[in-house]
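Residue strings, one per chain:
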Amino acid sequence: MQVIIRRLTPEVPMPEYKTSGACAFDIAVIEEGVLQPNERRPFRTGLVVKVPDGHILLLAPRSSNAKKGVRLANGIGYIDRDYCGPTDELFAYLHNVGNEPYTVQKGERIMQGVIVPCPVVTFIEGETGNADRGGFGTTG
């Protein structure tokens, strides 16, 4: 599958799979800054992505972020296929959950993306037909 991207400045690194078995591609930020403990703010990626029809781009933190004490403030990002206008840039909205300031480096791979099929469904009202399982969290 080919995905069209637009780099807003020439120094923006292309997203890339770091190993032949990787299921997600890494996305870097193009600016640096210091995040104080519990601070949240956006960092630019310089990328606009045209998500293919029938798909969604899921953005998630890289596993190594847990060691750094940094996470995506919204946990995971859902990028719709119509979020691809000239200024619809992807941002990494970061949250420092650690006890020390964290310096975000320009070019740091901070999140990863995966393109996933996403059908548009139609909802109809009706009976679900299953017996009650007992409510939220009943399987442990």
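What this report covers is the structure whose coordinates are included nearby. Just so it is clear, the model here is predicted, and its values are computed rather than measured.

### Remarks on the overall build of the protein
Broken down by element type, the protein carries one helix and eleven strands. For the protein, the N- to C-terminal ordering of α and β elements is β-β-β-β-β-β-α-β-β-β-β-β. At 18 Å, the protein has a C-alpha radius of gyration far larger than the 14 Å of a compact globule built from 140 residues. Overall, the C-alpha framework of the protein stretches about 55 × 40 × 30 Å when taken along its three principal axes. A buried classification covers 31% of the 140 residues belonging to the protein. Taking all contacts inside the protein whose residues are at least 6 apart in sequence as the whole, residues at least 24 apart take part in 72%. Surface accessibility of the protein: about 9,300 Å² in total, with carbon and sulfur atoms responsible for 52%. For the protein, the distance from the average position of its 15 positive side-chain charges to the average position of its 16 negative side-chain charges is 7 Å.

### Section: the sheet that holds strand E6 (residues 55-61)
Reading across from one edge, E2-E11-E6-E8 is the order of the four strands in this open sheet, with antiparallel pairing throughout. Edge strands, defined here as strands with exactly one partner in the open sheet, are strand E2 (25-28) and strand E8 (77-79). With strand direction ignored, the average angle separating the axes of adjacent strands in the sheet is 35 degrees. In terms of strand pairing, E2 meets strand E11 (residues 109-117) through four bridges, oriented antiparallel. Each bridged residue has a counterpart across the sheet, and for Phe-25 the counterpart in E11 is Gly-113.

### Some details on the side chain of Asp-26
Of note, Asp-26 is situated in strand E2. By relative accessible area, Asp-26 is classed as buried at 9%. At 3.4 Å, the side chain of Asp-26 and the side chain of Arg-62 are in polar contact. Separated by 2.5 Å, the side chains of Asp-26 and Arg-109 make a polar contact. When near neighbours in sequence (up to four residues on either side) are disregarded, Asp-26 contacts Pro-15, Glu-16, Lys-18, Arg-62, Arg-109, Met-111 and Gln-112.

### Observations concerning the sheet that holds strand E7 (residues 70-72)
Taken in spatial order, the three strands line up as E4-E9-E7 in an open sheet, and their pairing is antiparallel. Looking at the sheet topology across the chains shown, the edges are occupied by strand E4 (40-44) and E7. Each strand axis lies, on average, 40 degrees off the axis of its neighbour in the sheet, ignoring direction. Summarising the sheet, E4 and strand E9 (residues 91-96) pair through five bridges and their orientation is antiparallel. The residue bridging Arg-44 from the neighbouring strand is Phe-91, located in E9.

### So, the environment of Ala-24
Structurally, Ala-24 is set in the loop between strand E1 (4-7) and E2. Ala-24 sits in the buried class, given a relative accessible area of 12%. When near neighbours in sequence (up to four residues on either side) are disregarded, Ala-24 contacts Tyr-17, Gln-112 and Gly-113.

### Quick notes on the nonpolar core
Considering soluble globular proteins, one finds that nonpolar side chains tend to be buried as a cluster. Ranked by size, the top nonpolar core spans 22 residues in total, and within it Leu-57, Leu-90 and Leu-94 carry the most contacts. Those elements that place two or more of their residues in this core are E2, strand E5 (47-50), E6, E7, E9, strand E10 (102-104) and E11. Apart from residues no more than four positions distant in its own chain, Leu-94 is found in contact with Leu-35, Glu-39, Arg-40, Arg-41, Phe-43, Val-70, Arg-71, Leu-72, Ala-73, Val-104 and Ile-110.

Parameters at a glance
Residues numbered from 1 in each chain as written. Predicted model: local features only at pLDDT ≥ 70, side-chain atom pairs only at ≥ 80, totals over all residues. Heavy atoms only, no water. Helix = DSSP H or I, 4+ residues; strand = E, 2+ residues; numbered from the N terminus. Rg over C-alpha atoms; globule rule 2.2 N^0.38 Å. Buried < 20%, exposed > 50% of the residue type's maximum accessible area, 1.4 Å probe, protein only. Contact = heavy atoms within 4.5 Å. Areas by Shrake-Rupley, 256 points an atom, 1.4 Å probe, with all protein chains shown as cover. Lys, Arg positive; Asp, Glu negative; His and termini not counted. Charge placed at Lys NZ, Arg CZ, Asp CG, Glu CD. Pairing = 2+ DSSP bridges. Axes fitted to C-alpha atoms, helices over the stretch in contact; angles between N-to-C directions. Polar contact = N/O pair within 3.5 Å; in protein donor to acceptor, adjacent residues only side chain to side chain. Core = buried A, V, L, I, M, F, W, Y, C linked by side-chain atoms within 4.5 Å.

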